[in-house]
Amino acid sequence: MNSLVAGEAASTAEREGILPPEALPEPVSQGRLVLRKFLHHKLAMISTVVLLVIVLVAIIMPIFWPHAYEDASFPSFAPPSSDFPLGTTQVGKDMVSQILRGTQFSLLIAIIVSVVATLIGVIFGSLAGYLRGFTDSSLSRLTDLFLIVPQIAAAAIMAKVFGHGSWFVVAIVLALFAWMPIARITRAEAMALSQREFVEAARAAGAGTGRIIFRHLVPNMVGSITVNATLAVAQAVLVEAALSFIGLGVQPPDTSLGRIILENYAQVQNRPWLFFGPFVVLVLISLSINFVGDGLRDAFDPRQRRMKA
């Protein structure tokens, strides 16, 4: 009797188009869905490959390259050849080794700027959005104050006064003027999330401000934080290059792509390979990171077209 009833129920479910639980597709986690959407973003994937190639070349190639970046014993302004694919500089240094060294410093500076700026922006934005009131007003006015300060001018003065062109000081100074957009976005998201049920439940359970922010708010903002941290790297690369190009950023013996472009800017007509070599690498890095950021933004955006499971 029971088997007859079960058979009738199964046939009724088939006629009505209702699938049994075992026939339903396996649910896809949010992380897997984001990864799938990012992997289907062709421009972001191409940019990721280009960026990885640049990073790996900058890290690994100096180990096998026959010319050291500090070696100045070569002929001055040697043209491109099999020994010197991009020629040599005025002081007799191999341009390829200079570009490799400059890429290392530029990426290192950009990553430090992104990490420090993201930490400051997330902390300030989360506190302002969650606590509101006087805290929100004070941090918002501080953010507005930093926004109206000319970033490059202030960074140039501080880097010159406090660090004498040290690459690490330049990175920290740039980070101090790069956290404001992240703080604004984080504040808006924290204000929205603070009204959700899980935050109210945590507050009712006696969780403190720090626990609520770092255990409940920040994990739910990881999408926007990741996207903005990625875009901050691209912005830091360009700002550092601009600062070094005007002679107020990284100073010898340290170097960067912006510094190399400055040193060879006068050769753009007579020896264009000395200028366009580091310039092309700088443009590729900036464009690649921006496209990766666009891909991450689309992947984390729930309004984008859903992927099939």
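Predicted model only: the values in this text are computed from it and were never measured.

1. Topic: the overall build of the chain
At step 1: In terms of regular secondary structure, the chain is built from 13 helices and 0 strands.
At step 2: If you list the helices and strands of the chain from N to C, you get α-α-α-α-α-α-α-α-α-α-α-α-α.
At step 3: Evaluated residue by residue, the chain yields a buried proportion of 40% over its 309 residues.
At step 4: Counting contacts in the chain only where the partners sit at least 6 residues apart, residues at least 24 apart contribute 69% of the total.

2. Some points on helix H8 (residues 180-193)
At step 1: Its 14 residues give H8 an end-to-end C-alpha distance of 20 Å, which sits within 8% of 20 Å, the value for a rise of 1.5 Å per residue.
At step 2: Within H8, the full set of buried residues consists of Met-180, Ile-182, Ala-183, Thr-186, Ala-190 and Leu-193. The buried residues of H8 occupy an angular sector of 140° when the element is viewed end-on, so they sit on one face.

3. A closer look at unusual backbone geometry
At step 1: Residue Pro-252 is joined to Pro-253 through a cis peptide bond whose omega torsion reads 10°.
At step 2: You can see Pro-253 is positioned in the loop between helix H11 (222-245) and helix H12 (257-263).
At step 3: Located in the positive-phi region is Phe-77, a residue other than glycine, with phi close to 55°.
At step 4: Unusually for a residue other than glycine, Arg-132 sits at a positive phi of about 55°.
At step 5: The class of Arg-132 is partly exposed, set by a relative accessible area of 30%.

4. Describing a nonpolar patch on the surface
At step 1: Together, Leu-52, Leu-56, Ile-59, Ile-60, Ile-63 and Phe-64 line one region of the surface with nonpolar side chains, adding up to about 660 Å² of accessible area.
At step 2: Checked against the element boundaries, Ile-60 lands in helix H3 (residues 42-64).

5. As for the pattern of salt bridges
At step 1: The final tally for this structure, using the stated rule, is 6 salt bridges.
At step 2: Between Arg-259 and Glu-263 there is a salt bridge; the shortest N-O distance is 3.3 Å. Separated by 4 residues within a single helix, Arg-259 and Glu-263 lie in helix H12, roughly one turn from each other.
At step 3: Since its relative accessible area comes to 44%, Glu-263 is described here as partly exposed.
At step 4: Through salt bridges that share partners, Arg-141, Asp-144 and Arg-184 make up one connected network.

6. As for the environment of Val-199
At step 1: Position of Val-199 among the secondary structure elements: in helix H9 (residues 197-204).
At step 2: The exposure class assigned to Val-199 is buried, which follows from its relative accessible area of 0%.
At step 3: Between the alpha carbons of Val-199 and Tyr-130 there is a distance of 10.0 Å; along the sequence they are 69 residues apart.
At step 4: Contact partners of Val-199, with chain neighbours within four places excluded, come to Tyr-130, Leu-193, Ser-194, Ile-212 and Leu-217.

7. Things to note about the environment of Ser-114
At step 1: Among the secondary structure elements, Ser-114 is positioned in helix H4 (residues 95-131).
At step 2: C-alpha of Ser-114 to C-alpha of Ile-172: the two residues are 58 residues apart in sequence and 9.9 Å apart in space.
At step 3: Not counting residues up to four positions away in its chain, the partners in contact with Ser-114 are Ala-229, Ala-232 and Val-233.
At step 4: A polar atom in the side chain of Ser-114 sits 2.7 Å from the backbone oxygen of Ala-229.

Calculation criteria
Residues numbered from 1 in each chain as written. Predicted model: local features only at pLDDT ≥ 70, side-chain atom pairs only at ≥ 80, totals over all residues. Heavy atoms only, no water. Helix = DSSP H or I, 4+ residues; strand = E, 2+ residues; numbered from the N terminus. Buried < 20%, exposed > 50% of the residue type's maximum accessible area, 1.4 Å probe, protein only. Contact = heavy atoms within 4.5 Å. Expected span 1.5 Å × (residues − 1). Arc of directions from axis to C-beta. Patch = residues over 30% accessible without salt bridge, like charges linked within 9 Å, V, L, I, M, F, W, Y side chains within 5 Å. Areas by Shrake-Rupley, 256 points an atom, 1.4 Å probe, with all protein chains shown as cover. Salt bridge = Lys/Arg side-chain N within 4 Å of Asp/Glu carboxyl O. Polar contact = N/O pair within 3.5 Å; in protein donor to acceptor, adjacent residues only side chain to side chain.

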